Amino acid sequence: MYKFLKRGSKHLRSRAGTKRRTFSRSAVANGRIPFSRYDKKHFVDDVYAHMAKNLKLLREKTNNRYFSLAEKILYSHLDTLDNITASGQLRRGETFLNLRPDRVAMQDATAQMAMMQFISSGLPRVAVPSTIHCDHLIEASRGSAEDLQKSIKLNKEVYDFLSSSAAKYGAGFWKPGSGIIHQIILENYAFPGALMIGTDSHTPNAGGLACCAIGVGGADAVDVMAGFPWELKSPKIIGVYLTGQLGQWTSPKDVILKIAGILTVKGGTGAILEYFGPGVKTISCTGMATICNMGAEIGATTSIFPYNERMSKYLRSTGRADIANAADDFKDLHLYDIGFKFDSLVEVNLSELKPHINGPFTPDLAHPVSKFKDEVRKNNWPELLTVGLIGSCTNSSYEDMARVASLCKQAQEAGLKVKSQFTVSPGSEQIRATIERDGFIKLFEDVGATVLANACGPCIGQWNREDLKPVSYTHLTLPTKRIV
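A short tour of the structure in this document, coming up.

### What to know about helix H8 (residues 252–263)
Now for step 1: Over its 12 residues, H8 runs 17 Å from end to end, which matches the ideal 16 Å to within 8%, given 1.5 Å per residue.
Now for step 2: The element H8 is largely enclosed, with a buried count of 11 among its 12 residues.
Now for step 3: Taken residue by residue, H8 has Pro 252, Lys 253, Asp 254, Val 255, Ile 256, Leu 257, Lys 258, Ile 259, Ala 260, Ile 262 and Leu 263 as its buried positions.
Now for step 4: Immediately beyond the C-terminal end of H8, within one or two residues, lies Thr 264, with a positive phi of roughly 70 degrees.

Set out below in C-alpha coordinates:
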(Lines give C-alpha, C1' and ligand atoms only; values in the text may rest on other atoms or scores of the structure.)
Protein backbone atom coordinates (compact mmCIF):
# COMPACT_ATOMS: atom_id res chain seq x y z
CA MET A 1 0.00 0.00 0.00
CA TYR A 2 2.87 2.38 0.66
CA LYS A 3 6.57 2.38 0.12
CA PHE A 4 9.51 4.70 0.32
CA LEU A 5 10.75 5.85 -3.06
CA LYS A 6 14.27 6.63 -4.12
CA ARG A 7 15.36 10.07 -5.19
CA GLY A 8 15.06 10.56 -8.91
CA SER A 9 12.18 8.09 -9.10
CA LYS A 10 10.13 7.86 -12.28
CA HIS A 11 7.17 8.99 -10.19
CA LEU A 12 8.64 12.49 -10.25
CA ARG A 13 7.36 12.71 -13.82
CA SER A 14 3.80 12.83 -12.52
CA ARG A 15 1.47 15.20 -14.33
CA ALA A 16 1.04 17.05 -11.05
CA GLY A 17 4.31 18.81 -11.88
CA THR A 18 5.00 21.43 -14.48
CA LYS A 19 7.66 22.02 -17.08
CA ARG A 20 9.41 25.33 -16.61
CA ARG A 21 8.23 28.05 -18.96
CA THR A 22 7.89 31.80 -19.06
CA PHE A 23 4.80 33.49 -17.69
CA SER A 24 3.45 35.06 -20.85
CA ARG A 25 -0.24 34.95 -20.02
CA SER A 26 -1.55 38.17 -18.54
CA ALA A 27 -5.31 37.88 -18.23
CA VAL A 28 -5.20 39.38 -14.74
CA ALA A 29 -2.25 41.71 -15.29
CA ASN A 30 -4.48 44.77 -15.51
CA GLY A 31 -6.99 43.61 -12.90
CA ARG A 32 -7.05 44.35 -9.19
CA ILE A 33 -8.03 41.26 -7.25
CA PRO A 34 -8.22 41.85 -3.47
CA PHE A 35 -6.88 39.27 -1.02
CA SER A 36 -10.45 38.86 0.22
CA ARG A 37 -13.71 40.75 0.55
CA TYR A 38 -12.23 42.16 3.77
CA ASP A 39 -8.82 43.18 2.33
CA LYS A 40 -9.37 45.82 -0.34
CA LYS A 41 -5.85 47.29 -0.21
CA HIS A 42 -3.81 44.15 -0.94
CA PHE A 43 -4.01 42.31 -4.23
CA VAL A 44 -3.55 38.70 -5.34
CA ASP A 45 -2.38 39.70 -8.81
CA ASP A 46 0.43 41.73 -7.20
CA VAL A 47 1.55 38.62 -5.31
CA TYR A 48 1.56 36.52 -8.48
CA ALA A 49 3.43 39.14 -10.51
CA HIS A 50 6.03 39.42 -7.73
CA MET A 51 6.37 35.63 -7.50
CA ALA A 52 6.82 35.26 -11.25
CA LYS A 53 9.43 38.04 -11.33
CA ASN A 54 11.40 36.61 -8.39
CA LEU A 55 11.32 33.04 -9.66
CA LYS A 56 12.59 34.15 -13.06
CA LEU A 57 15.46 35.98 -11.37
CA LEU A 58 16.16 33.01 -9.08
CA ARG A 59 16.41 30.64 -12.02
CA GLU A 60 18.93 32.95 -13.65
CA LYS A 61 20.98 33.16 -10.45
CA THR A 62 20.86 29.39 -9.72
CA ASN A 63 21.58 27.98 -13.18
CA ASN A 64 17.95 27.03 -13.86
CA ARG A 65 17.46 25.11 -10.65
CA TYR A 66 14.29 23.03 -10.23
CA PHE A 67 11.99 24.06 -7.40
CA SER A 68 9.27 22.30 -5.42
CA LEU A 69 5.95 24.08 -4.91
CA ALA A 70 6.84 24.98 -1.31
CA GLU A 71 10.21 26.34 -2.44
CA LYS A 72 8.55 28.47 -5.12
CA ILE A 73 6.40 30.13 -2.47
CA LEU A 74 9.14 30.51 0.13
CA TYR A 75 11.93 31.70 -2.15
CA SER A 76 9.71 34.12 -4.06
CA HIS A 77 8.81 35.69 -0.69
CA LEU A 78 12.44 36.30 0.31
CA ASP A 79 13.12 39.76 1.69
CA THR A 80 15.87 40.24 -0.89
CA LEU A 81 17.51 38.20 -3.64
CA ASP A 82 20.63 40.36 -3.73
CA ASN A 83 22.76 37.90 -1.76
CA ILE A 84 21.72 34.88 -3.87
CA THR A 85 24.43 34.30 -6.48
CA ALA A 86 24.42 30.50 -6.83
CA SER A 87 22.19 27.48 -6.22
CA GLY A 88 24.37 26.39 -3.30
CA GLN A 89 23.27 29.40 -1.29
CA LEU A 90 19.79 27.91 -0.95
CA ARG A 91 20.49 24.67 0.90
CA ARG A 92 17.52 22.88 2.42
CA GLY A 93 18.02 22.13 6.09
CA GLU A 94 20.87 24.68 6.37
CA THR A 95 20.14 28.11 4.89
CA PHE A 96 18.22 30.61 7.00
CA LEU A 97 15.62 32.54 5.02
CA ASN A 98 14.37 36.05 5.73
CA LEU A 99 10.80 36.03 4.44
CA ARG A 100 7.96 38.47 3.88
CA PRO A 101 4.65 36.71 4.65
CA ASP A 102 1.43 37.94 3.04
CA ARG A 103 -0.74 37.43 6.12
CA VAL A 104 -0.78 36.88 9.89
CA ALA A 105 -3.57 34.99 11.69
CA MET A 106 -3.98 34.77 15.47
CA GLN A 107 -6.34 32.94 17.77
CA ASP A 108 -7.64 34.63 20.91
CA ALA A 109 -5.40 32.82 23.40
CA THR A 110 -2.15 33.79 21.68
CA ALA A 111 -3.32 37.12 20.24
CA GLN A 112 -3.49 38.78 23.64
CA MET A 113 0.26 38.94 24.24
CA ALA A 114 0.99 39.45 20.54
CA MET A 115 -1.22 42.55 20.39
CA MET A 116 0.20 43.94 23.63
CA GLN A 117 3.72 43.54 22.22
CA PHE A 118 2.68 45.16 18.96
CA ILE A 119 1.15 48.11 20.80
CA SER A 120 4.45 48.61 22.64
CA SER A 121 6.17 49.09 19.26
CA GLY A 122 4.45 52.44 18.87
CA LEU A 123 3.45 51.71 15.27
CA PRO A 124 0.08 53.09 14.11
CA ARG A 125 -1.08 50.07 12.07
CA VAL A 126 -0.11 46.49 11.29
CA ALA A 127 2.20 46.23 8.28
CA VAL A 128 0.51 43.19 6.71
CA PRO A 129 -3.10 41.93 6.66
CA SER A 130 -3.75 40.38 10.08
CA THR A 131 -6.76 38.81 11.77
CA ILE A 132 -7.80 37.73 15.27
CA HIS A 133 -10.17 34.79 15.74
CA CYS A 134 -12.08 34.13 18.98
CA ASP A 135 -12.32 30.35 19.13
CA HIS A 136 -10.13 29.03 21.97
CA LEU A 137 -11.79 30.52 25.05
CA ILE A 138 -15.31 29.11 24.65
CA GLU A 139 -15.79 26.26 27.10
CA ALA A 140 -17.87 23.38 25.75
CA SER A 141 -20.52 22.23 28.18
CA ARG A 142 -24.28 22.48 27.69
CA GLY A 143 -24.73 23.56 24.08
CA SER A 144 -24.03 26.32 21.62
CA ALA A 145 -26.23 29.19 22.86
CA GLU A 146 -25.59 28.71 26.59
CA ASP A 147 -21.84 28.11 26.21
CA LEU A 148 -21.37 31.11 23.93
CA GLN A 149 -23.15 33.54 26.26
CA LYS A 150 -21.22 32.22 29.25
CA SER A 151 -17.93 32.72 27.41
CA ILE A 152 -18.81 36.25 26.29
CA LYS A 153 -19.56 37.18 29.89
CA LEU A 154 -16.54 35.38 31.39
CA ASN A 155 -14.03 36.64 28.81
CA LYS A 156 -15.50 40.11 28.28
CA GLU A 157 -12.28 41.92 29.17
CA VAL A 158 -10.25 39.80 26.73
CA TYR A 159 -12.73 40.16 23.88
CA ASP A 160 -13.06 43.93 24.44
CA PHE A 161 -9.28 44.34 24.35
CA LEU A 162 -8.85 42.24 21.22
CA SER A 163 -11.71 43.87 19.32
CA SER A 164 -10.70 47.43 20.23
CA SER A 165 -6.99 46.89 19.54
CA ALA A 166 -7.81 45.21 16.22
CA ALA A 167 -9.97 48.18 15.23
CA LYS A 168 -7.33 50.71 16.25
CA TYR A 169 -4.38 49.00 14.58
CA GLY A 170 -6.04 47.78 11.41
CA ALA A 171 -6.46 44.04 12.11
CA GLY A 172 -9.55 42.01 11.35
CA PHE A 173 -11.61 40.68 14.26
CA TRP A 174 -13.80 37.58 14.19
CA LYS A 175 -16.04 37.57 17.26
CA PRO A 176 -16.86 34.58 19.49
CA GLY A 177 -19.12 32.14 17.67
CA SER A 178 -17.96 33.11 14.18
CA GLY A 179 -15.90 29.96 13.85
CA ILE A 180 -12.59 28.20 14.23
CA ILE A 181 -9.58 30.15 12.96
CA HIS A 182 -8.48 27.59 10.36
CA GLN A 183 -11.91 27.09 8.82
CA ILE A 184 -12.41 30.86 8.65
CA ILE A 185 -9.03 31.24 6.96
CA LEU A 186 -9.85 28.53 4.40
CA GLU A 187 -13.26 30.03 3.61
CA ASN A 188 -12.14 33.65 3.37
CA TYR A 189 -8.40 34.33 3.26
CA ALA A 190 -6.22 31.47 2.01
CA PHE A 191 -5.31 31.47 -1.67
CA PRO A 192 -2.84 29.53 -3.86
CA GLY A 193 0.73 30.83 -3.66
CA ALA A 194 0.26 32.86 -0.49
CA LEU A 195 2.72 32.71 2.42
CA MET A 196 0.95 32.95 5.76
CA ILE A 197 1.98 32.55 9.39
CA GLY A 198 -0.42 31.86 12.24
CA THR A 199 -0.10 31.62 16.00
CA ASP A 200 -1.50 28.11 16.13
CA SER A 201 0.07 24.74 15.35
CA HIS A 202 -2.66 23.77 12.88
CA THR A 203 -2.18 26.81 10.66
CA PRO A 204 -1.00 24.44 7.85
CA ASN A 205 -4.70 23.69 7.26
CA ALA A 206 -4.54 26.34 4.50
CA GLY A 207 -2.18 24.06 2.54
CA GLY A 208 -5.39 22.54 1.20
CA LEU A 209 -5.61 25.66 -0.99
CA ALA A 210 -1.94 25.52 -2.10
CA CYS A 211 -1.10 28.18 0.50
CA CYS A 212 2.18 27.83 2.41
CA ALA A 213 0.84 28.34 5.93
CA ILE A 214 3.12 27.87 8.94
CA GLY A 215 2.42 27.88 12.67
CA VAL A 216 4.60 30.23 14.73
CA GLY A 217 4.90 31.80 18.16
CA GLY A 218 3.40 35.16 19.05
CA ALA A 219 6.77 36.96 18.89
CA ASP A 220 7.19 35.93 15.24
CA ALA A 221 3.74 37.28 14.46
CA VAL A 222 4.61 40.60 16.12
CA ASP A 223 7.78 40.92 14.01
CA VAL A 224 5.80 40.50 10.79
CA MET A 225 2.99 42.83 11.89
CA ALA A 226 5.69 45.40 12.72
CA GLY A 227 7.15 45.16 9.22
CA PHE A 228 10.21 43.03 9.91
CA PRO A 229 11.13 39.93 7.87
CA TRP A 230 10.48 36.53 9.43
CA GLU A 231 13.34 34.04 9.74
CA LEU A 232 12.96 30.34 8.90
CA LYS A 233 15.53 27.64 8.31
CA SER A 234 14.93 26.38 4.78
CA PRO A 235 12.93 23.17 5.33
CA LYS A 236 13.66 19.87 3.66
CA ILE A 237 10.94 18.65 1.30
CA ILE A 238 9.31 15.25 1.81
CA GLY A 239 7.32 14.19 -1.23
CA VAL A 240 4.14 12.17 -0.69
CA TYR A 241 3.09 10.46 -3.93
CA LEU A 242 -0.60 9.53 -4.00
CA THR A 243 -2.00 6.98 -6.42
CA GLY A 244 -5.44 5.39 -6.81
CA GLN A 245 -8.56 6.84 -5.21
CA LEU A 246 -10.24 6.67 -1.82
CA GLY A 247 -12.72 3.84 -1.31
CA GLN A 248 -16.22 4.14 0.06
CA TRP A 249 -15.32 3.84 3.74
CA THR A 250 -11.99 5.67 3.71
CA SER A 251 -11.70 9.43 4.13
CA PRO A 252 -8.94 12.02 3.67
CA LYS A 253 -8.11 11.72 7.38
CA ASP A 254 -7.05 8.12 6.79
CA VAL A 255 -4.30 9.39 4.49
CA ILE A 256 -2.56 11.41 7.19
CA LEU A 257 -3.29 8.79 9.87
CA LYS A 258 -1.43 6.27 7.72
CA ILE A 259 1.43 8.68 7.05
CA ALA A 260 1.70 9.42 10.78
CA GLY A 261 2.17 5.70 11.34
CA ILE A 262 4.92 5.64 8.71
CA LEU A 263 6.86 8.79 9.59
CA THR A 264 6.10 8.92 13.38
CA VAL A 265 5.69 12.08 15.43
CA LYS A 266 9.26 13.13 14.66
CA GLY A 267 9.35 12.24 10.98
CA GLY A 268 8.27 15.62 9.66
CA THR A 269 10.51 17.76 11.86
CA GLY A 270 12.29 20.45 9.88
CA ALA A 271 10.49 19.45 6.69
CA ILE A 272 7.51 20.33 4.52
CA LEU A 273 5.26 17.52 3.29
CA GLU A 274 4.43 18.15 -0.36
CA TYR A 275 1.70 15.97 -1.87
CA PHE A 276 1.56 15.11 -5.56
CA GLY A 277 0.53 12.36 -7.96
CA PRO A 278 -2.65 11.23 -9.72
CA GLY A 279 -4.43 10.49 -6.44
CA VAL A 280 -4.48 14.17 -5.49
CA LYS A 281 -7.32 15.02 -7.88
CA THR A 282 -9.60 12.48 -6.16
CA ILE A 283 -9.53 14.37 -2.83
CA SER A 284 -11.75 17.35 -2.07
CA CYS A 285 -10.30 20.74 -1.16
CA THR A 286 -11.50 20.47 2.45
CA GLY A 287 -10.12 16.93 2.54
CA MET A 288 -6.71 18.22 1.45
CA ALA A 289 -6.95 20.88 4.16
CA THR A 290 -7.60 18.17 6.75
CA ILE A 291 -4.51 16.25 5.66
CA CYS A 292 -2.36 19.38 5.84
CA ASN A 293 -3.87 20.32 9.19
CA MET A 294 -2.82 17.03 10.78
CA GLY A 295 0.72 17.22 9.42
CA ALA A 296 1.40 19.12 12.64
CA GLU A 297 1.05 15.82 14.51
CA ILE A 298 4.22 14.51 12.86
CA GLY A 299 6.20 17.68 13.47
CA ALA A 300 6.10 19.02 9.90
CA THR A 301 6.85 22.70 9.31
CA THR A 302 3.80 22.67 7.07
CA SER A 303 2.12 20.58 4.36
CA ILE A 304 0.87 21.59 0.93
CA PHE A 305 -1.02 20.28 -2.09
CA PRO A 306 -0.55 21.48 -5.69
CA TYR A 307 -3.21 23.71 -7.14
CA ASN A 308 -5.92 21.76 -8.96
CA GLU A 309 -9.52 21.80 -10.13
CA ARG A 310 -10.84 20.87 -6.66
CA MET A 311 -9.30 24.03 -5.23
CA SER A 312 -10.63 26.14 -8.08
CA LYS A 313 -14.12 24.79 -7.44
CA TYR A 314 -13.85 25.54 -3.71
CA LEU A 315 -12.71 29.11 -4.35
CA ARG A 316 -15.65 29.66 -6.69
CA SER A 317 -18.15 28.12 -4.25
CA THR A 318 -16.92 30.44 -1.49
CA GLY A 319 -17.35 33.57 -3.58
CA ARG A 320 -13.77 33.94 -4.82
CA ALA A 321 -14.07 33.23 -8.55
CA ASP A 322 -11.72 36.12 -9.34
CA ILE A 323 -8.96 34.51 -7.27
CA ALA A 324 -9.64 31.15 -8.94
CA ASN A 325 -9.28 32.79 -12.35
CA ALA A 326 -5.99 34.39 -11.34
CA ALA A 327 -4.68 31.10 -9.94
CA ASP A 328 -5.69 29.34 -13.15
CA ASP A 329 -3.84 31.94 -15.19
CA PHE A 330 -0.66 31.61 -13.12
CA LYS A 331 -1.03 27.87 -12.48
CA ASP A 332 2.67 27.20 -13.13
CA LEU A 333 3.45 29.08 -9.93
CA HIS A 334 1.41 26.58 -7.91
CA LEU A 335 2.93 23.29 -9.12
CA TYR A 336 6.34 21.75 -8.49
CA ASP A 337 8.89 21.58 -11.33
CA ILE A 338 9.17 18.22 -13.07
CA GLY A 339 12.73 17.16 -12.39
CA PHE A 340 12.77 18.39 -8.80
CA LYS A 341 14.30 15.80 -6.44
CA PHE A 342 12.61 15.47 -3.07
CA ASP A 343 14.78 14.83 -0.01
CA SER A 344 12.73 11.69 0.66
CA LEU A 345 9.53 10.20 -0.71
CA VAL A 346 6.60 8.15 0.52
CA GLU A 347 3.97 6.51 -1.69
CA VAL A 348 0.41 5.78 -0.58
CA ASN A 349 -2.02 3.87 -2.80
CA LEU A 350 -5.40 5.34 -1.91
CA SER A 351 -7.22 2.41 -3.47
CA GLU A 352 -5.62 0.06 -0.93
CA LEU A 353 -5.86 2.39 2.06
CA LYS A 354 -8.11 1.19 4.90
CA PRO A 355 -10.01 3.25 7.49
CA HIS A 356 -7.72 3.95 10.44
CA ILE A 357 -7.82 4.79 14.13
CA ASN A 358 -4.71 6.36 15.66
CA GLY A 359 -3.79 6.23 19.34
CA PRO A 360 -4.23 5.99 22.20
CA PHE A 361 -1.55 8.12 23.86
CA THR A 362 0.26 9.16 20.67
CA PRO A 363 -1.00 10.19 17.20
CA ASP A 364 1.46 7.98 15.32
CA LEU A 365 0.11 4.71 16.75
CA ALA A 366 -1.81 3.79 13.59
CA HIS A 367 -4.28 0.89 13.39
CA PRO A 368 -6.59 -0.21 10.59
CA VAL A 369 -10.08 -0.23 12.08
CA SER A 370 -10.35 -3.97 11.35
CA LYS A 371 -7.42 -4.66 13.69
CA PHE A 372 -8.16 -2.15 16.42
CA LYS A 373 -10.27 -4.51 18.54
CA ASP A 374 -7.43 -7.02 18.74
CA GLU A 375 -4.97 -4.27 19.70
CA VAL A 376 -7.28 -3.03 22.47
CA ARG A 377 -7.49 -6.48 24.03
CA LYS A 378 -3.82 -7.29 23.54
CA ASN A 379 -2.70 -4.07 25.25
CA ASN A 380 -5.48 -4.04 27.85
CA TRP A 381 -6.69 -0.62 26.77
CA PRO A 382 -10.11 0.66 28.01
CA GLU A 383 -12.87 -0.80 25.83
CA LEU A 384 -15.64 1.65 26.72
CA LEU A 385 -16.08 4.59 24.36
CA THR A 386 -17.34 7.43 26.56
CA VAL A 387 -17.41 10.36 24.12
CA GLY A 388 -17.50 10.80 20.36
CA LEU A 389 -16.65 14.20 18.85
CA ILE A 390 -17.20 15.46 15.34
CA GLY A 391 -15.76 18.91 14.92
CA SER A 392 -12.59 20.89 15.70
CA CYS A 393 -10.50 22.44 12.93
CA THR A 394 -9.78 18.94 11.62
CA ASN A 395 -13.26 17.44 11.31
CA SER A 396 -15.65 20.33 10.92
CA SER A 397 -16.12 20.92 7.20
CA TYR A 398 -19.44 20.34 5.46
CA GLU A 399 -17.99 17.15 3.98
CA ASP A 400 -17.27 15.79 7.47
CA MET A 401 -20.69 16.77 8.77
CA ALA A 402 -22.44 15.17 5.79
CA ARG A 403 -20.68 11.84 6.42
CA VAL A 404 -21.78 11.82 10.05
CA ALA A 405 -25.29 12.91 9.14
CA SER A 406 -25.54 9.93 6.79
CA LEU A 407 -24.60 7.54 9.60
CA CYS A 408 -27.02 9.24 12.00
CA LYS A 409 -29.83 8.91 9.48
CA GLN A 410 -29.15 5.19 9.14
CA ALA A 411 -29.14 4.85 12.94
CA GLN A 412 -32.39 6.78 13.21
CA GLU A 413 -34.06 4.59 10.61
CA ALA A 414 -32.98 1.57 12.62
CA GLY A 415 -34.44 3.07 15.80
CA LEU A 416 -31.07 3.61 17.45
CA LYS A 417 -29.72 6.40 19.63
CA VAL A 418 -26.17 7.05 20.79
CA LYS A 419 -25.13 5.34 24.01
CA SER A 420 -22.06 7.45 24.69
CA GLN A 421 -21.84 11.23 24.78
CA PHE A 422 -21.83 12.69 21.26
CA THR A 423 -20.81 16.29 20.59
CA VAL A 424 -20.73 18.33 17.39
CA SER A 425 -18.59 21.46 16.86
CA PRO A 426 -19.25 23.21 13.51
CA GLY A 427 -16.13 24.81 12.01
CA SER A 428 -17.72 28.16 11.23
CA GLU A 429 -21.03 30.00 11.23
CA GLN A 430 -21.21 29.35 7.49
CA ILE A 431 -20.92 25.60 8.11
CA ARG A 432 -23.42 25.74 11.00
CA ALA A 433 -25.98 27.65 8.96
CA THR A 434 -25.56 25.30 6.02
CA ILE A 435 -25.97 22.10 8.04
CA GLU A 436 -28.98 23.62 9.80
CA ARG A 437 -30.50 24.44 6.39
CA ASP A 438 -29.96 20.85 5.24
CA GLY A 439 -31.47 19.33 8.38
CA PHE A 440 -28.25 17.92 9.81
CA ILE A 441 -28.49 19.66 13.19
CA LYS A 442 -31.98 18.28 13.87
CA LEU A 443 -30.76 14.86 12.79
CA PHE A 444 -27.80 15.05 15.18
CA GLU A 445 -29.99 16.15 18.08
CA ASP A 446 -32.61 13.48 17.35
CA VAL A 447 -30.05 10.71 17.86
CA GLY A 448 -28.77 12.29 21.09
CA ALA A 449 -25.98 14.69 20.08
CA THR A 450 -25.15 18.02 21.72
CA VAL A 451 -24.37 20.72 19.17
CA LEU A 452 -21.70 23.02 20.60
CA ALA A 453 -20.56 26.51 19.64
CA ASN A 454 -18.51 27.14 16.50
CA ALA A 455 -15.25 26.83 18.41
CA CYS A 456 -12.39 24.50 19.32
CA GLY A 457 -13.98 23.16 22.51
CA PRO A 458 -13.22 19.54 23.42
CA CYS A 459 -10.43 19.19 20.85
CA ILE A 460 -8.13 21.50 22.84
CA GLY A 461 -9.41 20.41 26.25
CA GLN A 462 -11.66 23.49 26.61
CA TRP A 463 -14.38 21.29 27.96
CA ASN A 464 -16.44 20.77 31.09
CA ARG A 465 -16.46 16.98 31.39
CA GLU A 466 -19.54 16.54 33.53
CA ASP A 467 -19.48 12.78 32.98
CA LEU A 468 -16.28 12.48 35.05
CA LYS A 469 -16.01 12.64 38.83
CA PRO A 470 -13.97 15.54 40.20
CA VAL A 471 -10.44 14.62 41.27
CA SER A 472 -9.07 15.88 44.59
CA TYR A 473 -5.47 17.09 44.78
CA THR A 474 -3.24 17.66 47.78
CA HIS A 475 -1.20 20.84 47.47
CA LEU A 476 2.09 21.13 49.37
CA THR A 477 3.68 24.57 49.74
CA LEU A 478 7.40 24.61 50.49
CA PRO A 479 9.48 27.54 51.75
CA THR A 480 11.69 29.12 49.09
CA LYS A 481 15.33 30.11 49.29
CA ARG A 482 17.06 32.92 47.51
CA ILE A 483 19.95 31.52 45.51
CA VAL A 484 22.83 33.95 44.99
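Additional details are given in the paragraphs that follow.
### Comments concerning the nonpolar core
Now for step 1: Grouped together as the largest cluster of nonpolar side chains are 120 residues, with contacts concentrated most on Tyr 48, Leu 74, Leu 242, Ile 259, Leu 273, Tyr 275 and Phe 305.
Now for step 2: Membership of the second largest hydrophobic core comes to 16 residues, among which are Ile 390, Ile 435, Ile 441 and Val 447.

### Description of helix H1 (residues 44–61)
Now for step 1: Between its terminal C-alpha atoms H1 stretches 26 Å, which fits the 26 Å expected from 18 residues at 1.5 Å a residue.
Now for step 2: Listing the buried residues of H1 in full gives Val 44, Asp 45, Val 47, Tyr 48, Met 51, Ala 52, Asn 54, Leu 55, Leu 58 and Arg 59.
Now for step 3: In the core, the buried residues of H1 are packed alongside strand S2 (34–36), strand S3 (39–43), helix H2 (69–76) and helix H11 (321–329).
Now for step 4: After H1 finishes, the residue Asn 63 shows a positive phi value of roughly 60 degrees.

### Regarding the sheet that holds strand S6 (residues 130–133)
Now for step 1: If you trace the five strands from one edge of the open sheet to the other, you get S7-S6-S5-S8-S9, paired in parallel fashion. The outermost strands of the open sheet, each flanked by one partner alone, are strand S7 (172–174) and strand S9 (212–215). Across the sheet, the mean angle separating the axes of adjacent strands is 20 degrees when strand polarity is ignored.
Now for step 2: Pairing of strand S5 (residues 103–107) with S6, which is carried by four bridges, proceeds in the parallel orientation. Paired with Val 104 across the bridge in S6 is Ser 130.
Now for step 3: Contacts from helix H5 (residues 156–169) reach S6 and S7, with the element oriented near 150 degrees to S7.

### A word on the sheet that holds strand S19 (residues 450–451)
Now for step 1: Taken together, the three strands give an open sheet; going across it, the order is S17-S18-S19, and neighbouring strands pair in parallel fashion. Bordering the open sheet on either side are strand S17 (387–390) and S19, each of which pairs with just one other strand.
Now for step 2: The sheet contact formed by strand S18 (residues 421–424) and S19 spans two bridges and is parallel. Bridging across to S19, Thr 423 finds its partner in Thr 450.

### Here's the deal with the environment of Glu 383
Now for step 1: In this fold, Glu 383 is placed in the loop between helix H12 (369–378) and S17.
Now for step 2: A relative accessible area of 59% means that Glu 383 is categorised as exposed.
Now for step 3: In this structure, the C-alpha to C-alpha distance between Glu 383 and Lys 373, residues 10 residues apart in sequence, is 8.6 Å.
Now for step 4: Residue contacts for Glu 383: discarding those within four places in its chain leaves Val 376 and Arg 377.

### Topic: the pattern of salt bridges
Now for step 1: Tallied over the full model, the rule gives 21 salt bridges.
Now for step 2: As a salt-bridge pair, Asp 79 and Arg 100 come within 2.8 Å of each other at their nearest N and O atoms. You can see Asp 79 sitting in the loop between H2 and strand S4 (96–99) and its partner Arg 100 sitting in the loop between S4 and S5, a full 21 residues away along the chain.
Now for step 3: When its relative accessible area of 36% is taken as the criterion, Asp 79 is described as partly exposed.
Now for step 4: Exposure remark for Arg 100: the relative accessible area of 35% places this residue in the partly exposed category.
Now for step 5: Glu 94 is the salt-bridge partner of Arg 91, the closest N and O atoms lying 3.0 Å from each other.
Now for step 6: Salt bridges sharing partners connect three or more residues here, namely Arg 65, Glu 71, Arg 92 and Asp 343.

### Structural notes on the side chain of His 136
Now for step 1: Assignment of secondary structure puts His 136 in the loop between S6 and helix H4 (144–154).
Now for step 2: On the basis of relative accessible area, His 136 is assigned to the buried category, the value being 10%.
Now for step 3: In terms of polar contacts, His 136 uses its side chain to reach the side chain of Asp 135, at 2.6 Å.
Now for step 4: Sequence-distant contacts of His 136, that is, excluding residues within four places in its chain, are made with Gln 107, Asp 108, Ala 109, Asp 200, Cys 456, Ile 460 and Gln 462.

### Digging into the layout of surface pockets
Gaps left between atoms are located by rolling a probe of water-molecule size over the structure's atoms.
Now for step 1: Taken as a whole, the second largest pocket encloses approximately 390 Å³ of empty space.
Now for step 2: Lining the second largest pocket are 16 residues, with Thr 286, Tyr 314, Ser 317, Tyr 398 and Glu 399 sitting closest to its centre.
Now for step 3: Those elements that provide at least two residues to the lining of the second largest pocket are helix H6 (181–188), helix H9 (285–293), helix H10 (309–317), helix H13 (398–413) and helix H14 (429–437).
Now for step 4: Examining the composition of the lining of the second largest pocket, we find that four residues originate from one element, H10, more than from any other.
Now for step 5: For the lining of the second largest pocket, the class distribution of residues is four nonpolar, eight polar and four charged.

Calculation rules
Residues numbered from 1 in each chain as written. Predicted model: local features only at pLDDT ≥ 70, side-chain atom pairs only at ≥ 80, totals over all residues. Heavy atoms only, no water. Helix = DSSP H or I, 4+ residues; strand = E, 2+ residues; numbered from the N terminus. Expected span 1.5 Å × (residues − 1). Buried < 20%, exposed > 50% of the residue type's maximum accessible area, 1.4 Å probe, protein only. Core = buried A, V, L, I, M, F, W, Y, C linked by side-chain atoms within 4.5 Å. Contact = heavy atoms within 4.5 Å. Pairing = 2+ DSSP bridges. Axes fitted to C-alpha atoms, helices over the stretch in contact; angles between N-to-C directions. Salt bridge = Lys/Arg side-chain N within 4 Å of Asp/Glu carboxyl O. Polar contact = N/O pair within 3.5 Å; in protein donor to acceptor, adjacent residues only side chain to side chain. 1 Å grid on protein atoms, 1.4 Å probe; cavity = no way out; pocket = protein on both sides within 12 Å on 5 of 7 lines; lining within 4 Å. Points joined across faces, edges and corners; volume = space filled by probe spheres on them. Nonpolar A, V, L, I, M, F, W, Y, C, P; charged D, E, K, R; others polar.

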